[in-house]
Amino acid sequence: MAIQKIFSVLFLQLVFAFLLVELTNAGGLQLGFYQRTCPDAELIVHQALYRYISRDRTLAASLLRMHFHDCFIRGCDASVLISSAGKNQTEKDAIPNKTLRGFNVIDAVKSALEKKCPGVVSCADVLALVARDSVLMVGGPHWDVPTGRRDGRVSIANEALFNLPPPFANITVLKQQFAGVGLSVKDLAVLSGGHTIGIGHCTTISDRLYNFTGKGDTDPALDPRYAAQLKKKCKPGNSNTVAEMDPGSFKSFDEDYYTVVAKRRGLFQSDAALLDDAETRDYVKLQSRTQGSTFAQDFAESMVKMGNIGVLTGKQGEIRKRCAFVN
């Protein structure tokens, strides 16, 4: 009898454990979420995206940035994709998002999915998968993307204006903003490495070059020789010219960003700020010294973590038919 009781207890515990796992999966993200409802979802995303990245590799940085901007505001719910209507100004029209590119790419990927699996794959998951595949297509790491996000119905421009980490932020502000969405100081150092691809507009660094303290000076944290090079490209008042984030390899995802920052040649103040904190500085120096020995793995892990911020799942939110409009 005693043995029977023990087995009964163990059996009930096992059943409870399985139920707990099922409930946990039902309420969160999971790998292979679309295995039954749209088994080719990730392949469709990859193929539709490749048609664009193969023609213009600079789109990879823009699409990665779009996912980042989405997750930092209201979580990863595709609120950054919603178009303004009437007096309602959405995140898309906030000043930090005015330079986002690639909305047409997201629309094309979503359209391809709708043809095969109408009303199944969320725009939030499209953003997460597109970000992963964009990085992969320009030489970066692959990571498994847990899916099952649902789309939000609210998008407010001022939330993006005040809550996205600005390019002129110091290390204190950056650490506070990352902590506010559940990301660590290491995540800050790792995800900043996304600046290994892409460009920055000269207007963003104009004060850093020409009027850092309001006295017509240059940021002393910027290597003087590099500052001189930037001034040749970025003339005062020039709003059209851009500068490479990682000169020489801005179209390839690699570890060179950390070497650039270690040499005090980070384009933004937020890049230079990584040298103002012991933990972030150590990470920069480690990757610079070891040719990015852990960067690829670290980036993959931090991207998965970022992709979990404030997600809507289950019956929350909706699955938008068109990403720019709530249903």
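Predicted, not measured: the structure shown is a model, and the values here were computed from it. (Residues numbered from 1 in each chain as written. Predicted model: local features only at pLDDT ≥ 70, side-chain atom pairs only at ≥ 80, totals over all residues. Heavy atoms only, no water.)

**Q** Can you help me understand the side chain of Gln287 in this one?
**A** Within the secondary structure, Gln287 sits in helix H13 (residues 278–289). Classification of Gln287 by relative accessible area gives buried; the value is 0%. Sequence-distant contacts of Gln287, defined by excluding residues within four places in its chain, comprise Glu255, Tyr258, Gly292, Ser293, Thr294, Phe295 and Asp298. (Helix = DSSP H or I, 4+ residues; strand = E, 2+ residues; numbered from the N terminus. Buried < 20%, exposed > 50% of the residue type's maximum accessible area, 1.4 Å probe, protein only. Contact = heavy atoms within 4.5 Å.)

**Q** Would you mind showing me how to read the nonpolar core here?
**A** The biggest cluster of nonpolar side chains holds 73 residues, and the ones touching the most others in it are Leu63, Met66, Leu81, Ile106 and Phe299. Looking at this core, the element that brings in the most residues is helix H5 (residues 123–137), giving ten residues. When residues no more than four places from it in sequence are discounted, the contact partners of Ile106 are Leu63, Met66, Leu81, Val126, Leu127, Val130 and Cys323. (Core = buried A, V, L, I, M, F, W, Y, C linked by side-chain atoms within 4.5 Å.)

**Q** Before we go on, may I ask you to explain the pattern of salt bridges in this structure?
**A** Side-chain pairs of opposite charge can arise where the charged atoms are in close proximity. Within this structure, the stated rule accounts for 14 salt bridges. For Asp56, the salt bridge identified is with Arg101, shortest N-O distance 3.0 Å. Within this pair, whereas Asp56 is found in the loop between helix H2 (41–53) and helix H3 (59–72), its partner Arg101 is found in the loop between H3 and helix H4 (103–116), the two being separated by 45 residues in sequence. Taken together, the shared-partner salt bridges connect Glu42, Arg132 and Asp133 into one network. (Salt bridge = Lys/Arg side-chain N within 4 Å of Asp/Glu carboxyl O.)

**Q** Quick question: what am I supposed to make of the side chain of Asp125 here?
**A** Note on placement: Asp125 falls in helix H5. Look past the residues within four positions of Asp125 in its chain and what remains in contact with it is Tyr34, Thr147, Gly148 and Arg149.

**Q** How do you make sense of the packing of aromatic side chains when you look at a structure like this?
**A** The geometry of an aromatic ring pair comes down to the distance between the two centres and the angle between the two planes. Counted according to the given criterion, the structure contains eleven aromatic pairs. Ring centres of Phe33 and Tyr34 lie 5.0 Å apart, and the angle between their planes is 90 degrees; on these two criteria the pair is classed as edge-to-face. Classification of Tyr34 by relative accessible area gives buried; the value is 5%. Their ring planes at 70 degrees and their centres at 6.0 Å tell us that Trp143 and Phe299 sit as a pair that is edge-to-face. On the criterion of sequence distance, the pair formed by Trp143 in the loop between H5 and helix H6 (157–163) and Phe299 in helix H14 (residues 295–306) is long-range, its members being 156 residues apart. What makes Trp143 buried here is its relative accessible area of 6%. Looking at Arg55, its charged tip hangs above the ring of Tyr52, at a distance of 5.3 Å from the centre. Between Lys92 and the ring centre of Phe103, over which it is positioned, the NZ or CZ distance is 4.6 Å. (Phe/Tyr/Trp six-rings, centres within 6.5 Å; stacked < 30°, edge-to-face > 60°. Lys NZ or Arg CZ within 6 Å of the ring centre and 35° of its normal.)

**Q** Got a minute to help me understand the packing of H3 against H5 in this structure?
**A** Two quantities define a packed helix pair, namely the angle between the axes and the distance from one axis to the other. It is the contact of H3 with H5, at a shortest axis distance of 8 Å, that shows an interaxial angle of 145 degrees. Relative to H5, H3 is oriented so that their crossing is left-handed. For the pair H3 and H5, contact is made by Ala60, Leu63, Leu64, Met66, His67 and Asp70 and by Leu127, Ala128, Val130, Ala131, Ser134 and Val135, respectively. Residue composition of the contact of H3 with H5, by class: nine nonpolar, two polar and one charged. (Axes fitted to C-alpha atoms, helices over the stretch in contact; angles between N-to-C directions. Left-handed = near helix turned anticlockwise from the far one by under 90°. Nonpolar A, V, L, I, M, F, W, Y, C, P; charged D, E, K, R; others polar.)

**Q** Got a minute to help me understand the packing of H4 against H5 in this structure?
**A** Where H4 contacts H5, the axes come no closer than 10 Å and their chain directions differ by 115 degrees. As for how H4 packs across H5, the hand of that crossing is right-handed. Each of Ile106, Val109, Lys110 and Leu113 in H4 lies in contact with H5, whose residues at this interface are Cys123, Val126, Leu127 and Val130.

**Q** What is the right way to look at the environment of Cys323 in this model?
**A** Within the secondary structure layout, Cys323 lies in the segment after H14. Relative accessible area serves as the criterion here: at 2%, Cys323 is assigned to the buried category. Sequence-wise, Cys323 and Lys215 are 108 residues apart; in three dimensions their C-alpha atoms are separated by 46 Å. Not counting residues up to four positions away in its chain, the partners in contact with Cys323 are Leu81, Ile82, Ile106, Asp107, Lys110 and Cys123.

**Q** Can you walk me through H4 in this structure?
**A** For an α-helix the count is 3.6 residues per turn, leaving residues at separations of three or four pointing the same way. The terminal C-alpha atoms of H4, which comprises 14 residues, lie 20 Å apart, in line with the 20 Å expected from a rise of 1.5 Å per residue. For H4, the complete set of buried residues consists of Phe103, Val105, Ile106, Val109, Lys110, Ala112, Leu113 and Glu114. Next to the buried residues of H4 lie H2, H3 and H5. (Expected span 1.5 Å × (residues − 1).)

**Q** I would appreciate a short explanation of the state of the cysteines in the present structure.
**A** The term disulfide refers to a covalent linkage connecting the sulfur atoms of a pair of cysteines. Considering all chains together, one arrives at four disulfides under this definition. In this model, Cys123 is linked to Cys323 through a disulfide, with the two sulfur atoms separated by 2.1 Å. Measuring the twist about the S-S bond at about -95 degrees, one finds the Cys123-Cys323 disulfide to be left-handed. Highlighted residues: Cys123 in helix H5 and Cys323 in the segment after H14, separated in sequence by 200 residues. Should the bonded cysteines of the protein chain be numbered as they appear in the sequence, the pairing reads 1-4, 2-3, 5-8, 6-7. (Disulfide = S-S within 2.5 Å.)

Geometric values such as these leave the question of function open.
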